[in-house]
Amino acid sequence: MKKSTLRITIIFIVLIAGIVGYYAYLSGRSRKMDSDAKMTETQLVLNRDMRNDYPSTVREVVKYYMDIQKCLYNSECTDEELELLGLRARELYDADLLENNEEEMNLLQLKSEVASFRTSENKMISISVASSVNVDTFKEDGYEFARIQCNYTVIEKGKSNPTETIFLLRRDENRRWKIYGWDLAENVNPQ
């Protein structure tokens, strides 16, 4: 009877060791899959559902646009990702801006600018969009417009080059803010 108890105990220990080993194998595999599943900044930006998660405020539109720019100019994205980022930026443009920037030419120009930026080893190091309380809204010609300032810094040939840009947005028929245009702050007349 002692032999059978010993056998049962050994079988039971082997069975428990097998279960614990299998559990350890599965949890290690799960962690490896989680680490493999981490998305790049470009993939995160492109993953946004613009139909159901369009930026709701002037600030969020410009912030998302600048996230796209940061991916374009700072990350090593593929040609396909570069084109997708360019198309995503166009989703934020007002109809008049789209009309004045034909898609194919716009994408060719973007590819050229990005290549030039990378060749000269420039880097966009900081982006700051003004707070929502600093948005200047007004109505003109039956449209609702908004102005907001964005500051960003580019390192060019080892020197810091801060830039202030004013974005002008117009609300469309779906009540979404769309980028109507932008210019350097020094070129914009204060209202």
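Summary of the structure given here. Every chain is numbered on its own, with residues counted from 1 as its sequence reads. Local features in this predicted model are restricted to residues of pLDDT 70 or higher, and side-chain atom pairs are both shown and tallied only at a pLDDT of 80 or more, whereas totals for entire chains, interfaces and linings draw on every residue. Hydrogens and water molecules were not included; the side-chain quantities draw on all heavy atoms of the structure.

1. Here's the deal with the environment of Lys111
Here a strand is any run of E in DSSP of at least two residues, a helix any run of H or I of at least four, and the numbering for each starts at the N terminus. Looking at the secondary structure, you find Lys111 in helix α6 (residues 103–119). The class of Lys111 is partly exposed, set by a relative accessible area of 31%. A C-alpha to C-alpha distance of 17 Å links Lys111 and Glu91, two positions 20 residues apart in sequence. Among residues more than four places away in sequence, those in contact with Lys111 are Leu82 and Glu83. Between buried and exposed lies partly exposed: a residue is buried under 20% and exposed over 50% of the maximum accessible area for its type, with that area taken using a 1.4 Å probe on protein chains only. Contact definition: two residues touch when any of their heavy atoms are within 4.5 Å.

2. Concerning the environment of Ile127
Considering the arrangement of structural elements, one finds Ile127 in strand β1 (residues 123–129). Residue classification places Ile127 among the partly exposed positions, given a relative accessible area of 30%. Measuring from C-alpha to C-alpha, the distance between Ile127 and Asn151 comes to 5.8 Å, with 24 residues separating the pair along the chain. When sequence neighbours within four positions are dropped, the list of residues in contact with Ile127 reads Met66, Lys70, Cys150, Asn151 and Tyr152.

3. Examining the environment of Ser116
Its place among the elements puts Ser116 in helix α6. Residue Ser116 is classed as partly exposed on the basis of its relative accessible area, which comes to 47%. The sequence separation of Ser116 and Asn101 amounts to 15 residues, and the corresponding C-alpha distance is 20 Å.

4. Remarks on helix α4 (residues 79–90)
Multiply 1.5 Å by the residue count of a helix minus one, and that product is the helix's expected span. Between the first and last C-alpha of α4 there are 17 Å, a value that for 12 residues agrees with the 16 Å anticipated at 1.5 Å per step. Listed in full, the buried residues belonging to α4 are Glu81, Leu82, Leu85, Gly86, Arg88, Ala89 and Arg90. The secondary structure elements touched by the buried residues of α4 are α2 (41–46), α3 (58–74), α5 (95–99) and α6.

5. Section: unusual backbone geometry
Glycine aside, negative phi is the norm for most residues, and most peptide bonds take the trans geometry. Phi is positive for Lys157, which is not a glycine, with a value near 50°. Relative to the assigned elements, Lys157 resides in the loop between β3 (143–156) and β4 (159–171). By relative accessible area, Lys157 is classed as exposed at 77%. Not every positive phi belongs to a glycine, and Arg175 is a case in point at roughly 65°. By secondary structure assignment, the location of Arg175 is in the loop between β4 and β5 (177–184). Taking the relative accessible area as the measure of exposure, Arg175 reaches 53% and is therefore exposed.

These figures come from the coordinates and say nothing about function on their own.
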